[in-house]
Amino acid sequence: PYIPYSDKVDNASSLMAPEAQQHQLKVTFSENTELQLQELGCHYPQLQLFITQVLNQDPRPAYKKKSTARQEYGMSLYDLNIRWQIEANNCLVLSIDKA
């Protein structure tokens, strides 16, 4: 499928994804993850920014995005396991562990 906001063809249209999604997650880090970021900083420059940018895109499954209940998720970035929870539009990073 053609997605106009990411595939560049002038004057094209799409019924599947007519415009880019707007994400409203506020990403914060727990005290524990702040310490983990300090320890990992020399090996992963700008890790906090990278995690924030990824989570701002709201990587949850589409059917979960309308839920306001607290939910916990995980993902891998580099060789790290990242755990976070979302409640309403707030995303809290819970842990950053080596895989």
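A brief look at the structure comes next. (Residues numbered from 1 in each chain as written. Predicted model: local features only at pLDDT ≥ 70, side-chain atom pairs only at ≥ 80, totals over all residues. Heavy atoms only, no water.)

## Re the sheet that holds strand 3 (residues 80-87)
The strand order across the open sheet formed by 4 strands is 1-4-3-2, and the pairing between neighbours is mixed. Lying at the two open borders of the sheet, with one neighbouring strand each, are strand 1 (26-29) and strand 2 (71-77). Sheet twist, expressed as the average angle between the axes of neighbouring strands with direction ignored, equals 30°. Relative to strand 4 (residues 90-98), strand 1 runs parallel, the two being bridged by 4 bridges. Its bridge partner lying in strand 4, Val27 is registered against Cys91. Against the sheet, helix 1 (residues 31-40) touches strand 1, strand 3 and strand 4, its axis set at about 45° to strand 4. (Pairing = 2+ DSSP bridges. Helix = DSSP H or I, 4+ residues; strand = E, 2+ residues; numbered from the N terminus. Axes fitted to C-alpha atoms, helices over the stretch in contact; angles between N-to-C directions. Contact = heavy atoms within 4.5 Å.)

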